[in-house]
Amino acid sequence: MAYLTDIERSPNTVKAYAHDLKDWFVFLQMRGLEWREVRLEDLGEFVAWLRLPPAGRFGGVVMLPSAEHYCSAGTVNRKLAAISGLYTFHARHGVDLGDLVTELHPAGRRRSGWKPFLYHLSKGEPERRRTIKLRAPRKHPTILTVTQVQAILDACTRLRDRLLWALLWDSGIRIGEALGLRHEDLAAAEGELMIVPRVNDNRARAKSGQPRTIPIGPEVIRLYADYLHDEYGDLDSDYVFVNLWGGPFGQPWGYPAVYDLVLRLRRITGIDFDPHWYRHSYATRLLRKNTPIEVVSALLGHSSIATTMDIYGHLSVEDARRALEAAGFLTGQEVRW
């Protein structure tokens, strides 16, 4: 965990690793197993254990064969990846782990980051790879319809809140990137928004390691100006989104406050939305306009085009048409700020 922190992995990533490794060591403790000496069969039992609900893991409840799995395949694979990272880390430090959490695999295909001692003398030999992985169904990105976006905007009673959702819709930035925005990041004359990775007082994070520039429309710029004039006033703060009605006054807006707003808007509109759906909607609109995938990837701040393709590239033409039609993109509907 210290290593992940030292190399500046996201706090959410470190937290996820901590939870996943905790499950592994709880399982080992229950089975009376030494972490350096477990077998492949033990890892398989761990997968089955994860699929049980918490009450069933400790033997207090008998589970029926028809009961649904507690952890999805994607969650199980994430936990296995964390365990694999743990053992790879210790293998690099000379801990003898045998073939634990690895398998022999023909060389020349996908390689892991770990190379054993004297690797250069045996390039033709099989290499180590994680052995167990569940088949997880692909999830289509969820997008918001124009009608839904309009309903959410109309339910906002404050310009600050309205600006947040308008900005997410028009730029596709992450909620953490929005909360970390400074006034200097908005170039009104140029119609541009700069996303800058930096340390923020509200712990908001720009997931991308590199800064990027995103075009934004004049309607959002006007809404930003109205927000500054009518609500922000003479407040001396670098941050765009700040506490104006709840304490501490003038401090940058944090994640908890935003998700309180999301819960209120869900109750008012009846729309069970998530801020990240705005990002999916933005990417889908760009792809509908035949924007090159590399441009979409750059605007989203993905680490590679492969990431963008993995999320959006698997949609069939018919799936994309239905999603866009439902969102109003094929009918000429527009959002009124």
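Residues numbered from 1 in each chain as written. Predicted model: local features only at pLDDT ≥ 70, side-chain atom pairs only at ≥ 80, totals over all residues. Heavy atoms only, no water.

Asker: In this structure, what is going on with the sheet that holds strand β3 (residues 186-187)? I would like to understand it.
Answerer: The strands making up a sheet associate through hydrogen bonds between their backbones, and the pairing can be parallel or antiparallel. Strands sit in the order β3-β4-β5 across an open sheet of three strands; the sheet is antiparallel. Both outer strands of the open sheet, β3 and β5 (212-215), are each paired with one neighbouring strand and no more. Sheet topology places strand β4 (residues 192-195) next to β5; four bridges connect them, and they run antiparallel. Within β5, the residue paired with E192 across the bridge is P215. (Pairing = 2+ DSSP bridges. Helix = DSSP H or I, 4+ residues; strand = E, 2+ residues; numbered from the N terminus.)

Asker: I tried to follow helix α9 (residues 218-232) on my own but got confused; where do I start?
Answerer: In an α-helix, one turn spans 3.6 residues, which is why side chains three or four residues apart end up on the same side. The end-to-end C-alpha separation of α9 is 19 Å, in line with the 21 Å expected for 15 residues at 1.5 Å each. Buried within α9 we find V220, I221, L223, Y224, Y227 and Y232. Here the buried residues of α9 occupy an arc of 160° about the axis, which is enough to place them on one side. Exposed residues pointing more than 90 degrees away from the buried face of α9 are listed as R222, H229 and D230. The elements touched by buried residues of α9 are α7 (159-171) and β3. Phi for G233, located one or two positions after α9, is positive at around 60°. (Expected span 1.5 Å × (residues − 1). Buried < 20%, exposed > 50% of the residue type's maximum accessible area, 1.4 Å probe, protein only. Arc of directions from axis to C-beta. Contact = heavy atoms within 4.5 Å.)

Asker: I keep staring at the packing of aromatic side chains and nothing clicks. Help me out?
Answerer: For any two aromatic rings, the description comes down to two numbers: the centre-to-centre distance and the angle of the planes. Tallied over the entire structure, the rule returns 15 aromatic pairs. Ring centres of W165 and F273 lie 5.5 Å apart, and the angle between their planes is 85°; on these two criteria the pair is classed as edge-to-face. Placement of W165 in helix α7 and of F273 in the loop between α10 (255-269) and α11 (276-288) is noted, with a sequence separation of 108 residues between them. Judged by relative accessible area, F273 falls into the buried class, the value being 0%. Pairing F241 with W253 gives two aromatic rings, centres 6.2 Å apart and planes at 25°, and the pair type is stacked. Of this pair, F241 sits in the loop between α9 and α10 while W253 sits in the loop between α9 and α10, placing them twelve residues apart in sequence. Judged on exposure class, the residue F241 and its partner W253 are both buried. Chaining the aromatic ring pairs together yields one cluster made of W24, F27, W35, F46, W49 and Y87. Just above the ring of W245 sits the side chain of R158; from NZ or CZ to the centre is 4.2 Å. Positioned above the aromatic ring of W253, the side-chain terminus of R160 is 3.9 Å from the ring centre. (Phe/Tyr/Trp six-rings, centres within 6.5 Å; stacked < 30°, edge-to-face > 60°. Lys NZ or Arg CZ within 6 Å of the ring centre and 35° of its normal.)

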